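# Coordinate inspection notes
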Amino acid sequence: MILAGDIGGTKTNLALYDWPTERVEPVRLETFHSADYKSLEEILEEFLTPPKPPMLLDDIEVAAPGEEEAEVESFPEEPIKLTAACFGVAGPVIENHSQTTNLPWVVDGAAIAKRFDIPRVQLLNDLEATAYGILLLRPDELEVLNPGNPPKKRQALALIAAGTGLGEAILFWDGKSYRPMPSEGGHTDFAPNNDYEIELLRYLRSQFLHVSYERILSGPGLNAIYEYVRDTKKNEPTWLAEKIKAGDPAAEIAEAGLKGQADIAKQTLDLFASIYGAEAGNLALKALSLDGVYVAGGMAPKLIKKLQDGTFMKAFINKGRYKRLLGNMPVKVVMNQQTALLGAASVAAALSHAPTP
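Rules used in this analysis
Residues numbered from 1 in each chain as written. Predicted model: local features only at pLDDT ≥ 70, side-chain atom pairs only at ≥ 80, totals over all residues. Heavy atoms only, no water. Phe/Tyr/Trp six-rings, centres within 6.5 Å; stacked < 30°, edge-to-face > 60°. Buried < 20%, exposed > 50% of the residue type's maximum accessible area, 1.4 Å probe, protein only. Helix = DSSP H or I, 4+ residues; strand = E, 2+ residues; numbered from the N terminus. Lys NZ or Arg CZ within 6 Å of the ring centre and 35° of its normal. Pairing = 2+ DSSP bridges. Axes fitted to C-alpha atoms, helices over the stretch in contact; angles between N-to-C directions. Contact = heavy atoms within 4.5 Å. Lys, Arg positive; Asp, Glu negative; His and termini not counted. Salt bridge = Lys/Arg side-chain N within 4 Å of Asp/Glu carboxyl O. Arc of directions from axis to C-beta. Polar contact = N/O pair within 3.5 Å; in protein donor to acceptor, adjacent residues only side chain to side chain. pLDDT = per-residue confidence, 0-100.

### Focus on the packing of aromatic side chains
Applying the stated criterion to the full structure yields 10 aromatic pairs. Both rings, one in Phe32 and one in Tyr37, keep their centres 5.9 Å apart while their planes meet at 85°; by these two values the pair is edge-to-face. The same class applies to Phe32 as to Tyr37, namely buried. Measuring from ring centre to ring centre gives 5.5 Å for Phe190 and Tyr213, while their planes differ by 90°; the resulting arrangement is edge-to-face. Highlighted residues: Phe190 in the loop between strand 11 (178–181) and helix 4 (195–205) and Tyr213 in the loop between helix 4 and helix 5 (219–233), separated in sequence by 23 residues. Assigned by exposure class, Phe190 and Tyr213 land together as buried. One aromatic cluster is present, built from ring pairs that chain together Phe272, Tyr276, Phe312 and Phe316. Just above the ring of Phe47 sits the side chain of Arg28; from NZ or CZ to the centre is 4.1 Å. Against the face of Trp173 rests Arg154, its NZ or CZ located 4.8 Å from the ring centre.

In structure tokens form, the structure reads like this:
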């Protein structure tokens, strides 16, 4: 049995797999709200501790008056024996150790291996785990934004994913398979493309010392764009302001924009999709990802209708003399929300089958 995890700033997904050689469905999958726990170890303790079976009244022998109570025989649950584990972590991983970016956690592979008696534990950056996962996806788990025209000889792939934060990764072809490599490209400087985006940069610089792409291309980033549009265009309806205040701002803005209920929400999604496409194009140029670009993360499936209306692709290919090059790159949206978990499981399975050093 292997253990896989996707450790995000908002939620942590854990799953057990009986993985032979090919992709399989998890034996057990649970989701935890990350902020409710002090550490990954605390979640693992809860997940891996076998539940106590309920005691039925029929199983309890009640002693007659004057007789001693009969002892109830207990059968302890068999502890889960793991051969390997892999966790995708939202943060840089250095020497199997990570300080998470959007959580006050320190995750250490060696410490987890020792505490839970797991022979092999591997930490990956969450986008690195997602990169392994996209190699296992079925066609029905993808939506095509641009079919492209990739070369016959394998080149490189790129991956970008907006969610609680913004992740990026590159997969290079080593002659036999794609090899994912991690990146913290989401924290690079935001580069505006027009006067409206320049004003967005000025607006955000009044709040942050460093304005990265993650400040814009994320759940909190969508709300930041909305506030910029609100403060510049003064067109916020009262009913939407109340919904945003009472609920999840990004979700309320996205719903209002996708349903065409408020111009301010539609303008917010236009700006978000355009900047998202532009940064995906930047990554594609840096990686020269002629084999394609994957758009993953928690936001893409929820905003799929917006990503399909042309705003994203227009910004993606708007690279001057390289417009034709970008237009030939396939662009696909990952609809499977468990892709990072799937990638982590594939790495754990490989670890479990590897010969003992």
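### Topic: unusual backbone geometry
Positive phi is not limited to glycine here, since Asn96 has a value of about 60°. Inspection of the secondary structure assignment puts Asn96 in the loop between strand 4 (84–89) and strand 5 (97–99). You will see that Leu288, though not glycine, has its phi angle at about 45°, which is positive. By the element assignment, Leu288 lies in the loop between helix 8 (263–287) and strand 12 (292–296).

### A short note on the sheet that holds strand 3 (residues 28–33)
Strand order in the open sheet made by the five strands is 3-2-1-4-7, with mixed pairing throughout. Only two strands of the sheet have a single partner each, and these edge strands are strand 3 and strand 7 (121–125). Direction aside, neighbouring strands of the sheet carry axes that sit 15° apart on average. Bridging between strand 4 and strand 7 involves five bridges; their strand directions are parallel. Of the residues in strand 7, the one forming a bridge with Phe87 is Leu123. This element, helix 3 (residues 126–134), spans strand 1 (2–7), strand 4 and strand 7 of the sheet and lies at about 95° to strand 7.

### Looking at the side chain of Lys319
You can see Lys319 is positioned in the loop between helix 11 (311–317) and helix 12 (323–327). There is no salt bridge for the buried Lys319, and the closest opposite charge comes from Glu279, which lies 6.8 Å off by N-O distance. The contact partners of Lys319, leaving out residues within four places of it in the chain, are Ala278, Gly281, Asn282, Leu285 and Leu326.

### Some words on helix 4
All buried positions along helix 4 are accounted for by Glu197, Leu200, Leu201, Tyr203 and Leu204. Buried positions in helix 4, seen along its axis, are confined to an arc of 160° and lie on one side of it. Exposed side chains of helix 4 directed beyond 90 degrees from the buried face belong to Asp195, Arg202 and Arg205. Where helix 4 is buried, its residues meet helix 5 and helix 8. Where helix 4 starts, the residue carrying a side-chain oxygen 3.1 Å from the main-chain nitrogen of Tyr196 turns out to be Asn194.

### What about the confidence of the model for the chain?
Averaged over all residues, the pLDDT of the chain is 92; the fraction at 70 or higher stands at 91%. Within the model, pLDDT remains below 50 along residues 72–76, and this stretch shows two contacts once partners closer than five positions in the same chain are excluded.

### Topic: the pattern of salt bridges
On inspection of all chains with the given rule, the structure shows 14 salt bridges. Where Glu30 meets Arg28, a salt bridge forms, and the shortest distance between an N and an O atom there is 2.6 Å. For Glu30, a relative accessible area of 30% gives the class partly exposed. What emerges from the salt-bridge pattern is a single network uniting Arg23, Arg138, Asp140 and Glu141.

### As for the environment of Gln155
Looking at where Gln155 falls in the secondary structure, it is placed in the loop between strand 8 (142–146) and strand 9 (156–162). With relative accessibility at 29%, the residue Gln155 sits in the partly exposed group. With residues up to four places along the chain from it excluded, the contact list for Gln155 reads Phe172, Trp173, Tyr178, Leu290 and Asp291.

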